[in-house]
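# An overview of the molecular structure
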Amino acid sequence: MSTAHSSPQASKSAATTALKLGDLMVREGLLTMDGLHKALAIQKQSDEYLPLGRVCVDLKLISKQELQRFLSKYQKHIQIGELLVNMGLITQTQVQKILEMQKASSKRFGALLVQSGFISESQLTNALSIQLDIPRMIPSLELMDQRLLEGIDEETLRFNEFIPVDRSGNQMTVIMSDPLNSNLMQQLVDRFKCKIIPAIATPSEILSTIAEFFGPRRKGPEEVSLDQDLMLKETEQDKTKEEVSSMARFLVRSAVEEGASALHVECQENYVRVRLRKDGVMVHKTDLPVRVGPALIEMLKTAFRLKGGKYWQETITTHVANRKVDLSISFFQGLWGENLVVHILYAPSRMLIFDNLGFSPVNLSKINSYLERSGGMIITSSPIRSGKSTLMYACLLTLNQLHRSVLSLENHVHYTMPGVIQHHYKGDDPEAHEALVEAMAEYDSDVLMVDDIPSPQSADSLNRAALMGKKVITSHHAADTTALIYALVNSGCEALLHSPVPILLISQRLLRRLCEKCKVPYSPSEAELTGMKVMAGDRGAYQFYTAKGCKDCQNQGYTGQTAIHELLEITDEIHNAVLQKKSSTSIREMARRDSNMISMIEDGVFKASAGLTSLEEVRRVSLIHDSDSKSARSIKQIYTLCTSK
Ligand SMILES: [Zn+2]
């Protein structure tokens with residue numbers, strides 16, 4: 001939580017609450033005094049707020065079942081106010097105000113907090129979900145068994161803010177806005193005559209789903225096709241299949257609609273967690289009843305033609321929500337079952353123009369000068385999900401002109417590019433790959449792109465092509481430009497660095513853009529900037545911003561992405577240093593001193609000073625080199641370097 005902070009007052013009250021809860025557990029004989037002290041010590045060490053109960057479970061001091069029994073017995077003792085203060089969401093003063101208001105109102109603490117505007121509905125719901133360890137479920141008609149709503153009148157649902165979503169044997173999962181409402185729990189047990197498993201959602205999510213179900217847009221029984229009608233009468237197993245395939249379609253569709261790069265389905269002990277990777281970070285989408293997990297994962301695997309548990313690396317190109325996407329999956333066995341990721345790649349967007357890739361003016365003019373001249377080599381180095389393909393395609397797009405012959409060799413063709421001869425290499429035989437690179441070098445071409453250098457032989461072929469005056473664009477895995485030099489030397493591909501042609505190394509990271517609607521001015525401390533190897537003296541002259549969160553950005557504080565870069569030209573001096581096997585640290589120092597190399601983190605500080613992103617986000621994605629402090633620059637120097645052309 002980016003806005004989280006802890007005041008001495010907050011941690012003091014945390015200790016009081018924890019002791020109370022812990023003392024109760026000791027009194028109940030659940031926990032020994034020693035165990036309690038151990039758990040409190042661990043809780044104190046954690047940066048993020050962790051409920052004491054969860055710490056005890058993690059330490060195996062008590063079982064999850066024991067904790068749940070204990071919490072349901074003593075749930076009145078869990079103080080939501082204390083929890084929210086600890087999470088940095090509200091202040092102690094606000095808690096006092098609400099307690100005052102409560103004296104004259106029958107409303108619950110949480111409802112009053114939201115009404116007073118101290119906290120949003122979704123913040124409150126998320127906090128309750130964490131504290132009570134109750135799954136956070138989105139009450140979507142596509143994700144639930146709608147027949148459970150039959151026979152319950154709209155008013156009852158609206159008044160109590162609940163929706164039954166799943167029934168399996170003698171238990172029913174019910175989404176409610178207030179799982180602490182013991183009255184409602186009893187009513188539900190009486191009504192459904194079974195065990196109730198609570199899940200939580202915000203009141204407005206619940207009310208809008210109820211409205212959708214009873215609203216005019218709902219299909220009447222006469223509109224249901226014969227097939228679906230028959231399906232409902234099928235056996236239990238087939239019912240699950242139909243339900244789960246509608247869930248799978250809904251989840252993939254919403255992931256694409258939200259522009260996510262991956263959909264994660266994770267089997268936990270008591271629920272299935274669905275999360276999306278958006279703009280590089282994981283965002284919770286919904287939880288699902290635990291029983292649907294295996295069926296849902298099986299369904300997705302079948303869709304991707306997985307047979308006998310073998311991952312075929314099948315990529316499906318399809319249209320989802322009117323967008324052309326490539327989908328592929330990967331999975332991993334965990335303690336509670338299989339976990340699965342659906343990777344989503346979008347067809348080329350406006351991102352493919354260099355001006356949209358977020359290069360600073362100085363870097364943009366440098367990369368353009370490398371692209372304009374004939375011949376030369378551009379080697380990119382970036383970890384996965386850092387937009388490497390987009391960057392390489394943008395180079396190709398610039399170079400792809402009628403008067404040039406352009407060849408590319410890719411492990412996966414993300415974008416098809418008219419005019420370029422693209423080869424999709426699927427196998428894993430290094431010799432076959434080397435033969436292809438060699439053939440490309442011999443072919444009468446002007447530009448070669450190979451999306452990874454797999455071996456010294458391929459490096460030699462590319463080197464030969466470069467010597468013949470062809471332009472070579474390739475990539476290698478490394479954290480930044482100086483690490484790239486080290487990685488090339490280490491993997492026997494250093495021939496590339498000895499090529500007597502202009503060589504430019506580029507490293508890139510994607511980072512989130514601050515939401516323009518809610519970003520707030522922020523003054524970094526001296527220590528914060530010094531920690532990033534930047535001189536902090538003139539920080540007062542620049543306006544930085546930090547993330548807050550609003551409706552427009554779904555409380556993330558960020559929307560969309562931009563990139564930061566590090567460019568390094570192989571000069572004669574650097575080439576000599578490579579030949580003399582100098583360390584990458586000393587090569588880095590040399591590049592910063594002699595060629596004004598701008599580090600990735602400095603490029604990030606430049607973008608943060610322009611209000612595009614936050615310093616926090618820059619630190620999240622970049623490597624900090626201690627040696628950069630020797631050549632630390634002031635913000636003004638960084639700004640001047642980045643904006644010069
Ligand atoms: Zn916002």
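It should be emphasised that the depicted structure is a prediction, and the values quoted were computed from it without experimental measurement.

Definitions and cut-offs
Residues numbered from 1 in each chain as written. Predicted model: local features only at pLDDT ≥ 70, side-chain atom pairs only at ≥ 80, totals over all residues. Heavy atoms only, no water. Helix = DSSP H or I, 4+ residues; strand = E, 2+ residues; numbered from the N terminus. Buried < 20%, exposed > 50% of the residue type's maximum accessible area, 1.4 Å probe, protein only. Contact = heavy atoms within 4.5 Å. Areas by Shrake-Rupley, 256 points an atom, 1.4 Å probe, with all protein chains shown as cover. Axes fitted to C-alpha atoms, helices over the stretch in contact; angles between N-to-C directions. Parallel < 35°, antiparallel > 145°, perpendicular 65-115°, else oblique. Nonpolar A, V, L, I, M, F, W, Y, C, P; charged D, E, K, R; others polar. Pairing = 2+ DSSP bridges. Salt bridge = Lys/Arg side-chain N within 4 Å of Asp/Glu carboxyl O. Core = buried A, V, L, I, M, F, W, Y, C linked by side-chain atoms within 4.5 Å.

### A short note on the overall build of the protein
The helix and strand inventory of the protein stands at 25 helices and 20 strands. Residues classed as buried in the protein amount to 49% of the 645 residues present. Long-range pairs, those at least 24 residues apart, make up 66% of the contacts in the protein with a sequence separation of at least 6. Carbon together with sulfur atoms contributes 52% to the accessible area of the protein, which is approximately 31500 Å² in total.

### Overview of the packing of helix 23 (residues 600–609) against helix 25 (residues 635–643)
Packing of helix 23 against helix 25 brings their axes to within 9 Å, and their N-to-C directions diverge by 95°. Accordingly, the angle class assigned to the pair helix 23 and helix 25 is roughly perpendicular. Here Glu 602, Asp 603, Val 605, Phe 606 and Ser 609 of helix 23 lie close against helix 25, whose contacting residues are Ile 638, Tyr 639, Cys 642 and Thr 643. A breakdown of the residues in the contact of helix 23 with helix 25 according to their chemical character gives five nonpolar, two polar and two charged.

### Focus on unusual backbone geometry
In most cases, non-glycine residues show a negative phi, while peptide bonds are predominantly trans. Backbone geometry places Glu 161, a non-glycine residue, at a positive phi of 50°. Inspection of the secondary structure assignment puts Glu 161 in the loop between helix 9 (154–160) and strand 1 (162–168). Look at Asn 596: it is not a glycine, yet its phi comes out positive at around 55°. Structurally, the position occupied by Asn 596 is in the loop between helix 22 (584–595) and helix 23.

### Remarks on the sheet that holds strand 14 (residues 471–475)
An order of 12-11-13-14-10-15-19 is seen for the seven strands of this open sheet, with the pairing classed as mixed. Each edge of the sheet is formed by a strand with only one pairing partner; in this case those strands are strand 12 (421–424) and strand 19 (558–569). In this sheet, adjacent strand axes meet at a mean angle of 15° when their direction is disregarded. Alignment of strand 11 (residues 406–410) against strand 13 (residues 447–450), held across four bridges, turns out to be parallel.

### Observations concerning the pairing of strand 2 (residues 171–176)
Of all six residues that make up strand 2, five are buried, and the element is covered over most of its length. Bridge count for strand 1 against strand 2 is six bridges, and the pairing is antiparallel. Within strand 2, the residue paired with Ile 163 across the bridge is Ile 175. Between strand 1 and strand 2, which pair antiparallel and follow one another directly, the connecting turn spans two residues, one of which, Gly 169, has a positive phi of 60°.

### Focus: the pattern of salt bridges
What the rule picks out here adds up to 28 salt bridges. Among the ionic pairs, Arg 147 bridges to Asp 145, the shortest N-O distance being 3.1 Å. Take Arg 147: its relative accessible area is 37%, and that puts it in the partly exposed class. Overall, Asp 145 belongs to the buried group, its relative accessible area being 9%. Ionic pairing is found between Glu 154 and Arg 158, a salt bridge with its closest N-O pair at 3.9 Å. Here Glu 154 and its partner Arg 158 are both found in helix 9, four residues apart, which amounts to about one turn of the helix.

### Topic: the nonpolar core
Of all hydrophobic cores here, the largest spans 36 residues; its most connected members are Ile 485 and Ile 574. Not counting residues up to four positions away in its chain, the partners in contact with Ile 485 are Leu 497, Leu 505, Leu 568, Ile 570, Ile 574, Val 578 and Ile 587. Membership of the second largest hydrophobic core comes to 29 residues, among which are Ala 260, Val 265, Cys 267 and Val 320.

By themselves, these observations are geometric and do not establish any function.
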